[in-house]
Amino acid sequence: DTAVSQTPKYLVTQMGNDKSIKCEQNLGHDTMYWYKQDSKKFLKIMFSYNNKELIINETVPNRFSPKSPDKAHLNLHINSLELGDSAVYFCASSQERPGTDTQYFGPGTRLTVL
Amino acid sequence: TQLLEQSPQFLSIQEGENLTVYCNSSSVFSSLQWYRQEPGEGPVLLVTVVTGGEVKKLKRLTFQFGDARKDSSLHITAAQPGDTGLYLCAGVDGTASKLTFGTGTRLQVTL
């Protein structure tokens, strides 16, 4: 069983479109995250949810809207896609907020905006 | 803004060699983690160091947290091709409850 899963694995779309990426974790964790990894492999947090409540929002354009329907799911919707949104997006989860707790990452979704 | 600089950025060595990767910041972190990421996959946690001066060993990997909790190092003894990957350090900001990742070190170990 995959601990943290994301769909789709690859997403190719035109500029201006709206797209969603889904994430599910079966670890029973309370906290979930979205990260963006750019072409230089720099990984940066975008959002964090704890028990469906938004706790971190890192100056991300409001075209990005996370939604957590329940503790096991955290989806990412992106409106009006731009070229600069091309990156690999990772979902992650942990039992508690970051500290000594382990974050488990999904396999990533490679988004290409043409 | 907290920044974690890793050096070197790239490292290509032969099997059996030793290497050290450095992770430096001007900020103090409550703890520091090291991850390894392989192509097409997400990062996987290797270790968490919490106390200034702490040293942890994981088989051939030795991790050290600086006394001032601003820097860390990863030393690999007798590298093997299976060690190939992207190594990321990540500082834990206890106040903001988030991880700040380093700039990454890409390691390639050849036969």
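What counts and what doesn't
- In every chain, residue numbers begin from 1 and rise along the written sequence.
- Think of it this way: whatever chain is written first is A, whatever ligand is written first is 1, and the rest follow in order.
- The predicted nature of this model means local features are confined to residues of pLDDT at least 70 and side-chain atom pairs, given and counted, to a pLDDT of 80 or more, with totals for whole chains, interfaces and linings taken over all residues.
- As a rule here, side-chain values come from all non-hydrogen atoms in the structure, and water together with hydrogens is ignored.
- By the criteria applied, helices consist of DSSP H or I runs no shorter than four residues and strands consist of E runs no shorter than two, each listed in order from the N terminus.
- Values of the radius of gyration come from C-alpha atoms, whereas the globule rule sets the reference at 2.2 Å times the count of residues to the power 0.38.
- The buried label applies to any residue whose accessible area, calculated with a 1.4 Å probe on protein chains only, is under 20% of its type's maximum; exposed applies above 50%, and partly exposed to all values in between.
- The contact criterion used is simple: two residues touch if any of their non-hydrogen atoms lie within 4.5 Å.
- To be clear on the numbers: accessible area is Shrake-Rupley with a 1.4 Å probe, and residue cover counts the displayed protein chains and nothing else.
- Among buried residues, those of type Ala, Val, Leu, Ile, Met, Phe, Trp, Tyr and Cys that are joined through side-chain atoms within 4.5 Å constitute a nonpolar core.
- When a carboxyl oxygen of Asp or Glu lies within 4 Å of a side-chain nitrogen of Lys or Arg, that pair is called a salt bridge.
- Counting of polar contacts relies on pairs of N or O atoms within 3.5 Å, with two restrictions inside protein: one atom must be capable of donating a hydrogen and the other of accepting it, and residues adjacent in sequence are counted only when both atoms are side-chain atoms.
- When residues are grouped by polarity, Ala, Val, Leu, Ile, Met, Phe, Trp, Tyr, Cys and Pro land in nonpolar, Asp, Glu, Lys and Arg in charged, and all others, Gly among them, in polar.
- In this description, the term disulfide denotes a pair of cysteine sulfurs within 2.5 Å.

Student: Describe the overall build of chain A, listing the residues and the values that go with them.
Tutor: Scanning chain A from N- to C-terminus turns up zero helices and eleven strands. Overall, chain A shows an N-to-C arrangement of helices and strands of β-β-β-β-β-β-β-β-β-β-β. For 114 residues, the compact-globule estimate of 2.2 N^0.38 gives 13 Å, and chain A sits close to it at 13 Å. Its C-alpha atoms give chain A principal-axis dimensions of roughly 40 × 30 × 25 Å. When burial is assessed residue by residue, chain A has 46% of its 114 residues classed as buried. Restricting the contact set of chain A to residue pairs at least 6 apart, pairs at least 24 apart contribute 55%. When the accessible surface of chain A is totalled, it reaches about 5600 Å², and 48% of it is carbon and sulfur.

Student: Explain the nonpolar core to me, and be specific about the residues and the numbers.
Tutor: Burial of nonpolar side chains together is a common tendency in soluble globular proteins. Formed by 21 residues in total, the largest nonpolar core has its most connected members in B:L19, B:L32, B:W34, B:F63, B:L74, B:I76 and B:L107. Non-local contacts of B:L107, meaning those with residues more than four positions away in its chain, are made with B:L11, B:I13, B:L19, B:I76, B:D83, B:T84, B:G85 and B:Y87. One finds A:Y49, A:L74, A:I78 and A:V113 within the second-largest nonpolar core, a separate group that totals 20 residues.

Student: If you had to explain the environment of B:L46 to someone new, which residues and values would you point to?
Tutor: All names here are of chain B. Its location among the elements puts L46 in strand β5 (residues 44–49). Judged by its relative accessible area of 18%, L46 falls in the buried class. In this structure L46 touches W34, Y35, R36, L58, L61, F63 and Y87, once residues within four positions along its chain are discounted.

Student: Break down the interface of chain A and chain B for me, with residues and values.
Tutor: In this complex, chain A contributes 20 residues to the contact, which on the side of chain B involves 22 residues. Between the two partners, chain A and chain B, sit one salt bridge. Among the salt bridges present, the one from A:E58 reaches B:K98, with a minimum N-O distance of 3.0 Å. For the pair chain A and chain B, the interface holds three residue pairs in polar contact (both at pLDDT 80 or more). Secondary-structure elements contributing two or more residues to the side of chain A that touches chain B are β4 (31–37) and β5 (43–50) of chain A. In terms of residue class, the side of chain A that touches chain B is built from nine nonpolar, six polar and five charged.

Student: Quick one: what's the story with the state of the cysteines, residue by residue and with numbers?
Tutor: Summed over all chains, the structure comprises two disulfides over all chains. Between A:C23 and A:C91 runs a disulfide, and the two sulfur atoms are separated by 1.9 Å. Judged by the sign of its S-S torsion, about -75°, the cystine formed by A:C23 and A:C91 is left-handed. Linking A:C23 in strand β3 (residues 19–25) with A:C91 in strand β9 (residues 87–94), this pair joins segments that are 68 residues apart in sequence. Side by side, A:C23 and A:C91 carry an identical accessibility label, which is buried. The residue that forms a disulfide with B:C23 is B:C89, at a sulfur-sulfur distance of 2.1 Å. Negative torsions about the S-S bond denote left-handed disulfides, and the value of about 75° found for B:C23 with B:C89 makes this one right-handed. Here the residue B:C23 occupies a position in strand β3 (residues 19–24), and B:C89 occupies one in strand β9 (residues 85–93), the gap between them amounting to 66 residues. Among the residues examined, B:C89 registers a relative accessible area of 0% and is labelled buried.

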